[in-house]
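Read off the chains here:
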Amino acid sequence: MKVNYADIVISAVSQKQYPTTQYPEVALAGRSNVGKSSFINKLVNRKNLARTSSKPGKTQTLNFYDIEHSFYFVDVPGYGYARVSKTEREKWGHMLEEYFTQRNTLKKVYLLMDFRHDPTAEDVQMKEFVDYYNIPFQIIATKIDKVPRGKWNKHESTFRKKLQLSHDDKIILFSAETGEGKDAAWESITQAIQEEHNA
Ligand code: GTP
Ligand code: MG
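Residues numbered from 1 in each chain as written. Chains lettered and ligands numbered in written order. Predicted model: local features only at pLDDT ≥ 70, side-chain atom pairs only at ≥ 80, totals over all residues. Heavy atoms only, no water.

Engineer: Just checking my understanding: could you explain the sheet that holds strand β7 (residues 171-173) for this structure?
Structural biologist: Strand-to-strand pairing in sheets goes through backbone hydrogen bonds, with the strands running parallel or antiparallel. Spatially, β1-β3-β4-β2-β5-β6-β7 is the arrangement adopted by the seven strands of the open sheet, whose pairing is mixed. A strand with exactly one partner marks an edge of an open sheet, and here the two such strands are β1 (6-12) and β7. Taking each pair of neighbouring strands and ignoring which way they run, the sheet shows an average axis angle of 25 degrees. Here strand β2 (residues 25-30) pairs with strand β5 (residues 106-114) via six bridges, running parallel. By the bridge assignment for β5, Gly 30 is matched with Leu 112. The sheet strands contacting helix α4 (residues 152-163) are β5, β6 (137-142) and β7, and the helix crosses β7 at an angle near 145 degrees. (Pairing = 2+ DSSP bridges. Helix = DSSP H or I, 4+ residues; strand = E, 2+ residues; numbered from the N terminus. Axes fitted to C-alpha atoms, helices over the stretch in contact; angles between N-to-C directions. Contact = heavy atoms within 4.5 Å.)

This is how it looks when you write it as C-alpha cells:
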C-alpha cells in the first residue's frame, strides 16, 4: 500500500477517548524498545510520524494513527520497561486489558519481538493473552538486520518453540533499517482490515 495520508488522531489512556469513526484497526504490541514506532514509520514511509527513541518507555499512551482514512494503526505502550513503578505497571495492565477486550473494530494484533534474543516471559504472556481473548495475531520479528542470516533459521525455531506457535502461524521477519519484511507486513495488514468488509 502506498500511503499518502497518515496522521495521529489521539493519544488515549481510556476507552472514552478512542476514536469513534468505525475504521478497522490493527495494533502493535511488544516490549519497550522492540521497534513498534519504527515499524509504523517504515510502513508509511515517514521518519517521525510515530515518535521513536533509544530510551525505552517512549510511548506511554495508546496512539491512534489514521492511515489513508481507511484504517487505524494503534501504537500500544511497551511492556518490560524495568524502571516503572508498580502503580504504573498496574495502570498499564488495566489500559491494555480494556483496549483488547472492548475494542470491537480491532482486527489483528501485531506482536513485535526482538529477533536477536529469545522471546521473554512477557512476550510469551502477551501471546497467551491475545490467544485467550481470541484476538487474531501475527508475530513480527524485529531488528533482523542485527542477526546474521546464517542464524535466522535457528532463531526462528527458538521463537516457534517458546511461543508454541502452530504450523499455520507464520513469523514475519522485519527490519525498519533495511525495509525487509515490509511487503509481507502490508500483505498481512490489508488482509486483516479487509475482513472487516466481509464481516
Ligand atoms: P517504546 O515506545 O519505548 O515502547 O519503543 P518502541 O517499541 O516504539 O521502539 P522504537 O521504534 O522507538 O525503537 C527503539 C530503538 O530501536 C530505536 O533506536 C530504533 O532506531 C531502533 N530500531 C527499531 N527497529 C529497528 C530495526 O529494525 N533495526 C535496527 N537496527 N534498529 C531498530
Ligand atoms: Mg514507541
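Past the structure itself, the notes keep going.
Engineer: Before we go on, may I ask you to explain the pattern of salt bridges in this structure?
Structural biologist: Should the charged atoms of two oppositely charged side chains come close, the side chains can pair. Evaluation of the coordinates by the stated rule reveals six salt bridges. Asp 114 is the salt-bridge partner of Arg 31, the closest N and O atoms lying 3.5 Å from each other. One end of the pair, Arg 31, is in the loop between β2 and α1 (36-44); the other, Asp 114, is in strand β5, and 83 residues separate them in sequence. The class of Asp 114 is buried, set by a relative accessible area of 5%. (Salt bridge = Lys/Arg side-chain N within 4 Å of Asp/Glu carboxyl O. Buried < 20%, exposed > 50% of the residue type's maximum accessible area, 1.4 Å probe, protein only.)

Engineer: I keep staring at the nonpolar core and nothing clicks. Help me out?
Structural biologist: Soluble, globular proteins show a tendency: their nonpolar side chains are buried together. Grouped together as the largest cluster of nonpolar side chains are 33 residues, with contacts concentrated most on Tyr 99, Phe 100, Leu 111 and Ile 139. Secondary structure elements with two or more residues in this core: β2, β3 (62-67), α2 (86-102), β5, α3 (121-132), β6, α4 and β7. Other than its neighbours up to four places away in sequence, Phe 100 contacts Ala 29, Leu 106, Val 109, Met 126, Phe 129 and Ile 135. The next biggest cluster of nonpolar side chains, apart from the first, holds 25 residues, and it includes Val 26, Leu 28, Phe 39 and Leu 43. (Core = buried A, V, L, I, M, F, W, Y, C linked by side-chain atoms within 4.5 Å.)

Engineer: What should I look at first to understand unusual backbone geometry in this one?
Structural biologist: Apart from glycine, the bulk of residues carry a negative phi angle, and the bulk of peptide bonds sit in the trans form. Of note in this structure, Asn 45 is not a glycine but carries a positive phi near 60 degrees. Within the element layout of this structure, Asn 45 appears in the loop between α1 and β3. Given the relative accessible area of 60%, Asn 45 is considered exposed. Phi is positive for Glu 68, close to 55 degrees, though the residue is something other than glycine. Note on placement: Glu 68 falls in the loop between β3 and β4 (71-75). On the accessibility criterion, Glu 68 (26% relative accessible area) is partly exposed.

The values reported here are purely geometric and, on their own, carry no functional implication.
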